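Listed below, chain by chain, are the residues.
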Amino acid sequence: MIGLNISHYRVTARLGAGGMGEVYRATDPRLGREVALKVLPPAFANDAERMARFQREAQVLASLNHPNIAAIYGLEEGGGVRALVMELVEGPTLAEKIKLGALPVDESLQIARQMAEALEAAHERGVVHRDLKPANVKITPSGKVKVLDFGLAKALAPDSGVQDISHSPTLSAAGATREGLIMGTAAYMSPEQARGKPLDKRTDIWAFGCVLYECLTGRQAFGGDTISDAVAAILTRAPDLDTLPAETPLRIRELLRRCLQKDAKQRLHDIADARLEIEESIAHPGAAVSEAAVGALAPPKWKSLAPWGVAAILLLVLAALSMRSFFSGGTGAQPPVHLSVNLPPKFSFGDNVWPLFIFTPDGKRIIFVGGENGASQLYVRRLDQWEATPIRGTEDAERPYISPDGQWVAFTSGRNLRKVAIDGGPAVELCDVDWGAGDWGRDDQIIFTREYNGGLWKISAGGGTPQMLTSPDRAKGELGHWWPQILPDGDHVLFTAFSTPIEKSRIVVRSLRTGEQRTLVEGGTFGRYAASGHLLYARGETVLAVPFDAHSLTLTGTAVPVLEGVVLEPQNGISQYAVSASGALAFLRSASLQNDRDLVSVERSGKPQIIRPNLRAYGSIRVSPEGKRIALALRDGGHPPDIWILSLDRGSMTRLTFGPASNFGPLWIPDGKRLLYVSERPVFDVYSKSADGTGNDEAVISSSNDKNPLSVTPDGKTLLMTVSDVKTQTDLWLLSLDEKKEAKPFVATPYADAGGAFSPNGGWVAYQSNESGKMEIYLRAYPSGGNRVQISTDGGQEPRWARNGKELFYRTEKKLMSVPMGSGTPGKPVALFEAEFLSGGRTTSYDVAPDGQHFYFLLREQQTQRQATVDVILNWFDELNRRVPAGKK
């Protein structure tokens with residue numbers, strides 16, 4: 001099969017085989033993606049009646065659209081072979097993970113929750129899986145669960161003589177939807193399935209219980225040496241729930257008992273109920289829930305009201321007593337208390353702000369970054385109060401960190417490192433920065449990252465001249481030294497040596513006295529020292545803890561996952577969690593902060609039309625010269641962005657770049673045959689690739705400074721780009737695109753000069769600069785650089801020319817502006833319409849169609865979609881030490 005074509009799909013590798021046929025990896029050249037081809041057995045494919053029935057079933061299966069269900073794309077035939085075209089899901093199967101041993105309880109529950117969501121979506125469409133088992137569940141590299149082969153046990157019916165119960169016959173004979181025939185894998189069959197009786201969604205609930213049991217114990221609930229042994233166990237034996245780990249929540253024990261009832265009438269009725277129980281257990285893993293309360297799943301409603309009411313009151317009293325002890329400084333072990341922090345009305349986390357929250361040193365207050373409509377400001381809230389209040393003087397604030405006495409907050413705003421009293425007031429500027437995350441030491445020294453692709457710097461909290469401490473090792477692929485944390489001894493700093501791809505990043509500790517440094521963790525980011533005696537760090541959306549001796553600066557144990565599904569920013573490695581010295585933990589679940597956005601076309605009147613909904617977008621919109629394609633940067637799950645091309649005619653999406661670095665900022669060459677783009681390798685360099693995806697990418701310019709391509713002259717010979725520098729911010733440079741690749745400055749000032757665009761006749765450059773104190777739009781003659789003219793009157797960013805050269809567009813915070821340019825003298829700016837533009841930054845937030853009458857941009861999601869809840873756990877250290885015994889503090 002390797003190298004053959006089935007329809008237009010080219011087979012590239014064999015992935016495996018099962019009771020339903022062989023599976024191959026294949027490429028789809030039309031859509032630029034890889035797929036899985038499930039080749040149907042000849043006995044099935046040559047049976048016209050069964051194929052007709054299967055095609056009817058496949059139409060129903062193809063209608064399933066859920067992030068936890070592997071999609072079916074179609075049914076194809078080529079070279080006498082018929083194959084089902086399916087989504088290619090990378091990563092191990094759940095069976096492969098369980099082979100290594102039982103999974104931790106929290107990981108098992110996260111997997112089970114996603115499986116339940118998939119089953120729930122299918123059951124709502126009337127589709128029953130009928131063959132749910134660990135081998136039909138995959139875990140992607142980002143941690144997402146994908147359930148495979150939905151409904152195929154009904155749609156397919158090949159004979160099989162396999163006697164291995166892990167791959168036992170999915171179907172027994174033709175006409176498998178009739179009663180009297182066994183369908184499914186033996187160890188996971190429901191009793192009614194094993195007896196050949198009619199099936200409904202309750203058979204999936206049984207299999208779900210079997211899979212969850214196996215995750216928790218590492219063994220099958222109804223195993224055996226043969227299929228007969230397994231079926232006998234299913235029909236006669238109760239599952240051994242005593243083998244469940246001791247830390248299995250009572251809710252989950254009861255849930256398994258209900259799922260594995262042999263009488264389908266006594267079994268849990270709906271998988272949605274299982275999902276709710278799992279979500280409760282995940283949200284409140286340490287909550288004290290009585291046996292009576294958990295037993296409320298089984299008795300009638302009138303019997304369950306009293307236990308549930310008592311349990312709820314007990315939980316409230318427990319929380320109140322624990323909060324009182326926490327805030328009064330009481331001593332003694334306290335049970336963990338789970339809180340959800342209320343955010344101010346219409347509050348949302350802003351675009352591109354990290355971190356989103358921090359604790360004060362005593363752990364009694366939490367500071368947020370956010371605001372309305374994507375703006376950013378600092379807010380502070382006591383955990384024993386309902387309201388958060390804004391901190392005056394922190395407008396446009398990002399990346400906060402706090403003084404050891406809790407009285408001051410340092411943050412970046414624009415190109416400045418500033419500090420302000422926690423109660424608000426005038427902000428004090430400390431120095432210029434280009435990025436600026438940091439930490440504040442007890443000696444009143446601040447250690448921070450001054451530029452995106454640089455090392456660590458030190459400055460007095462009173463201001464002064466910064467001193468460089470570290471420099472990234474480019475030979476090791478280091479992009480920058482980020483997220484510093486000063487250890488309690490004041491003599492060492494913990495930081496992330498970030499690399500691309502992110503999997504090569506390291507957690508490093510450095511002596512501030514001698515400069516000696518050592519790597520603590522390979523393949524981790526955002527390391528945080530916890531006063532419990534642990535080092536916490538992120539690997540994907542999982543936070544792990546490892547015992548850490550802060551005196552010898554050594555790890556003294558094995559890392560254990562302690563949080564799952566935490567927001568991770570893959571481009572800079574920050575994980576959205578924070579821990580205080582008093583044992584309070586705050587984190588943001590990845591499911592609560594979605595960045596899906598609609599790509600819209602907007603007429604001059606402001607009327608929008610959705611072109612492509614629900615894109616996991618990073619930005620960087622560019623319309624092709626002929627106006628039929630749009631290049632933009634998208635994220636695939638938790639991975640860094642890549643360049644994709646949308647065909648406006650066909651509606652298809654084609655992926656142009658394939659990581660592992662961040663790729664964004666596409667720019668079309670005037671003939672439309674190639675694109676330039678930014679690739680982080682490890683700094684932001686400019687690369688080129690054919691727009692049809694053929695050939696390799698080619699380096700256009702590589703240097704130690706970050707670069708961003710902006711515009712190409714109409715003749716295609718010269719590139720205008722920004723070059724970043726910590727002293728001069730960003731400058732505009734020209735690069736010849738011939739073999740010499742000569743570069744020279746065009747606009748180089750002490751200000752931030754960016755966002756440039758050549759006019760269609762090549763005689764002018766429109767750009768933005770903050771030389772007046774805020775961003776405004778200017779013109780300069782090209783190539784001389786003279787005749788500077790200010791275009792905007794009240795701020796402006798991202799200039800774009802109409803293709804006829806008679807109009808110049810730019811945007812303000814919420815308006816798209818138009819300036820007549822046809823008379824040779826710029827006219828008065830006029831607002832065309834209002835829109836919620838995304839923050840531009842290093843990406844482009846909109847572009848103009850060739851007719852100058854339509855504009856494309858990403859619609860900022862509604863506030864209800866961006867609204868997020870921060871989970872807080874008080875007294876978390878006791879739970880942490882129970883799961884991961886600590887090292888020396």
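Parameters at a glance
Residues numbered from 1 in each chain as written. Predicted model: local features only at pLDDT ≥ 70, side-chain atom pairs only at ≥ 80, totals over all residues. Heavy atoms only, no water. Helix = DSSP H or I, 4+ residues; strand = E, 2+ residues; numbered from the N terminus. Buried < 20%, exposed > 50% of the residue type's maximum accessible area, 1.4 Å probe, protein only. Areas by Shrake-Rupley, 256 points an atom, 1.4 Å probe, with all protein chains shown as cover. Contact = heavy atoms within 4.5 Å. Pairing = 2+ DSSP bridges. Axes fitted to C-alpha atoms, helices over the stretch in contact; angles between N-to-C directions. Salt bridge = Lys/Arg side-chain N within 4 Å of Asp/Glu carboxyl O. pLDDT = per-residue confidence, 0-100. Core = buried A, V, L, I, M, F, W, Y, C linked by side-chain atoms within 4.5 Å. Phe/Tyr/Trp six-rings, centres within 6.5 Å; stacked < 30°, edge-to-face > 60°. Lys NZ or Arg CZ within 6 Å of the ring centre and 35° of its normal. Patch = residues over 30% accessible without salt bridge, like charges linked within 9 Å, V, L, I, M, F, W, Y side chains within 5 Å. Lys, Arg positive; Asp, Glu negative; His and termini not counted. Charge placed at Lys NZ, Arg CZ, Asp CG, Glu CD. Polar contact = N/O pair within 3.5 Å; in protein donor to acceptor, adjacent residues only side chain to side chain. Parallel < 35°, antiparallel > 145°, perpendicular 65-115°, else oblique. Left-handed = near helix turned anticlockwise from the far one by under 90°. Nonpolar A, V, L, I, M, F, W, Y, C, P; charged D, E, K, R; others polar.

K.L.:
Just give me the short version of the overall build of the protein, but keep the residues and values in it.
P.N.:
Each helix and strand counted, the protein has 14 helices and 58 strands in total. Expressed as a percentage of its 889 residues, the buried residues of the protein come to 57%. Summing over all exposed atoms, the protein offers an accessible surface of approximately 36300 Å²; the carbon and sulfur share of this is 50%.

K.L.:
Lay out the environment of glutamate 742 with the relevant residues and their values.
P.N.:
Here glutamate 742 shows up in the loop between β46 (729–736) and β47 (743–747). C-alpha of glutamate 742 to C-alpha of isoleucine 701: the two residues are 41 residues apart in sequence and 9.5 Å apart in space. Once residues within four sequence positions are removed from consideration, glutamate 742 is found in contact with Leu734, Leu735 and Ser736.

K.L.:
Explain the pairing of strand β23 (residues 492–499) to me, and be specific about the residues and the numbers.
P.N.:
Counting buried residues in β23 gives eight out of eight residues, a clear majority hidden from the surface. Burial along β23 is two-sided: the face carrying His492, Leu494, Thr496 and Phe498 and the face carrying Val493, Phe495, Ala497 and Ser499 are both buried. The pairing of strand β22 (residues 478–486) with β23 spans six bridges and is classified as antiparallel. Its bridge partner lying in β23, tryptophan 482 is registered against threonine 496. In this structure, the hairpin formed by β22 and β23 is closed by a connection of five residues, where glycine 490 is found at a positive phi of approximately 75°. Here β23 runs beside strand β24 (residues 506–511); their pairing, made up of six bridges, is antiparallel. Across the sheet, threonine 496 pairs through a bridge with isoleucine 507, a residue of β24.

K.L.:
Could you give me a rundown of the sheet that holds strand β42 (residues 684–690), with the residues and numbers involved?
P.N.:
Across the sheet, which stays open at both edges, the four strands sit in the order β40-β41-β42-β43 with antiparallel pairing between neighbours. The sheet is open, and its two borders are formed by β40 (663–668) and β43 (698–701), each paired with just one other strand. Sheet twist, expressed as the mean angle between neighbouring strand axes with direction ignored, is 35°. The pairing of β42 with β43 spans three bridges and is classified as antiparallel.

K.L.:
Tell me about the pattern of salt bridges, and name the residues and values.
P.N.:
Within the structure shown, the criterion is met by 31 salt bridges. Salt-bridge contacts for arginine 257 lead to glutamate 254; the nearest nitrogen and oxygen are separated by 2.4 Å. Here arginine 257 pairs with glutamate 254, and both are found in helix α9 (residues 250–259), just three residues apart, close to one helical turn. Classification of arginine 257 as partly exposed rests on a relative accessible area of 33%. A residue is classified by how much of its surface remains accessible, and glutamate 254, at 12% relative accessible area, is buried. Lysine 774 is paired through a salt bridge with aspartate 794; the nearest N and O atoms lie 2.7 Å apart. Here the residue lysine 774 occupies a position in the loop between β49 (764–769) and β50 (776–781), and aspartate 794 occupies one in the loop between β51 (789–790) and β52 (797–801), the gap between them amounting to 20 residues.

K.L.:
Tell me about the confidence of the model for the protein, and please be specific about residues and values.
P.N.:
Across the protein, the average pLDDT comes to 82, with 81% of residues at 70 or higher. Predicted confidence is poor over residues 287–321, with pLDDT under 50, and the contacts of this stretch with residues over four places away or in other chains come to 28 contacts. Low confidence marks residues 862–867, where pLDDT is under 50. Its contacts with residues over four positions away, or in another chain, come to 18 contacts.

K.L.:
With reference to specific residues and values, describe the pairing of strand β16 (residues 416–421).
P.N.:
With six bridges connecting them, strand β15 (residues 408–413) and β16 associate as antiparallel partners. Bridge pairing in β16 places tryptophan 408 opposite alanine 421. The loop that links β15 with its antiparallel partner β16 comprises two residues; one of these, glycine 414, has a positive phi angle of about 65°. In this structure, β16 lies alongside strand β17 (residues 428–432), joined through four bridges in antiparallel fashion. Considered in β17, the bridge of asparagine 416 is made with aspartate 432. The turn joining β16 and β17, which pair antiparallel and follow one another in sequence, is formed by six residues; a positive phi near 95° is taken by glycine 424.

K.L.:
Mind laying out the nonpolar core, listing which residues take part and the relevant values?
P.N.:
Counting 55 residues, the largest nonpolar core has Met115, Phe150 and Phe208 as its most contacted members. Of all the secondary-structure elements, those providing two or more residues to this core are α3 (94–99), α4 (105–124), β7 (137–139), β8 (145–147), α7 (202–217), α8 (227–236), α9 and α10 (271–283). It is α7 that contributes the most residues to this core, 10 residues altogether. With residues near it in sequence (within four places) discarded, phenylalanine 208 still touches Ala112, Met115, Ala116, Leu119, Leu132, Cys259, Ile271, Ala274 and Ile278. Ala530, Ile574, Phe684 and Tyr687 belong to the second largest nonpolar core, which has 43 residues in total.

K.L.:
Before we move on, can you summarise the packing of aromatic side chains with the specific residues and values?
P.N.:
Taken as a whole and judged by the stated rule, the model has 16 aromatic pairs. Taking 6.0 Å as the distance between ring centres and 70° as the angle between the ring planes, the aromatic pair formed by tyrosine 529 and phenylalanine 548 counts as edge-to-face. Here phenylalanine 548 lies in strand β28 (residues 542–549) and tyrosine 529 lies in strand β26 (residues 525–530), a separation of 19 residues in the sequence. Considered together, tyrosine 529 and phenylalanine 548 belong to a single accessibility category, that of buried residues. In this structure, arginine 800 is placed above the aromatic ring of tyrosine 846, and the distance from its NZ or CZ to the ring centre is 5.3 Å.

K.L.:
How would you summarise unusual backbone geometry if you had to cite specific residues and measurements?
P.N.:
Glycine aside, the phi torsion of most residues is negative, and most peptide linkages are trans. In this structure, proline 783 follows tyrosine 782 across a cis peptide bond, with omega equal to 10°. Summarising the element assignment, proline 783 is placed in the loop between β50 and β51. Here the phi dihedral of serine 7 falls at roughly 60°; this positive angle occurs in a residue that is not glycine. Note that serine 7 resides in the loop between β1 (5–6) and β2 (9–18).

K.L.:
If you had to explain a negative patch on the surface to someone new, which residues and values would you point to?
P.N.:
A surface patch of like charges, here negative, comprises Asp405, Asp443, Asp444, Asp489 and Asp491. Within the element layout of this structure, aspartate 491 appears in the loop between β22 and β23.

K.L.:
I'd like to hear about the side chain of serine 769, residue by residue, with values.
P.N.:
Relative to the helices and strands, serine 769 is located in strand β49. For serine 769, the side chain forms a polar contact with the side chain of aspartate 753, separated by 2.7 Å. Not counting the four nearest positions on each side in its chain, serine 769 is found in contact with Tyr751, Ala752, Asp753, Lys774, Met775, Glu776 and Tyr778.

K.L.:
An account of the packing of α4 against α7 is requested, with residue identities and associated values reported.
P.N.:
At a closest axis distance of 9 Å, the pairing of α4 and α7 adopts a crossing angle of 165°. One way to sum up the angle between α4 and α7 is to call them roughly antiparallel. Regarding α4 and α7, the two cross each other, and that crossing is right-handed. Here Val105, Ser108, Leu109, Ala112, Met115, Ala116, Leu119 and His123 of α4 lie close against α7, whose contacting residues are Asp204, Phe208, Val211, Leu212, Cys215 and Leu216. Counted by class, the contact of α4 with α7 contains 11 nonpolar, two polar and one charged residues.

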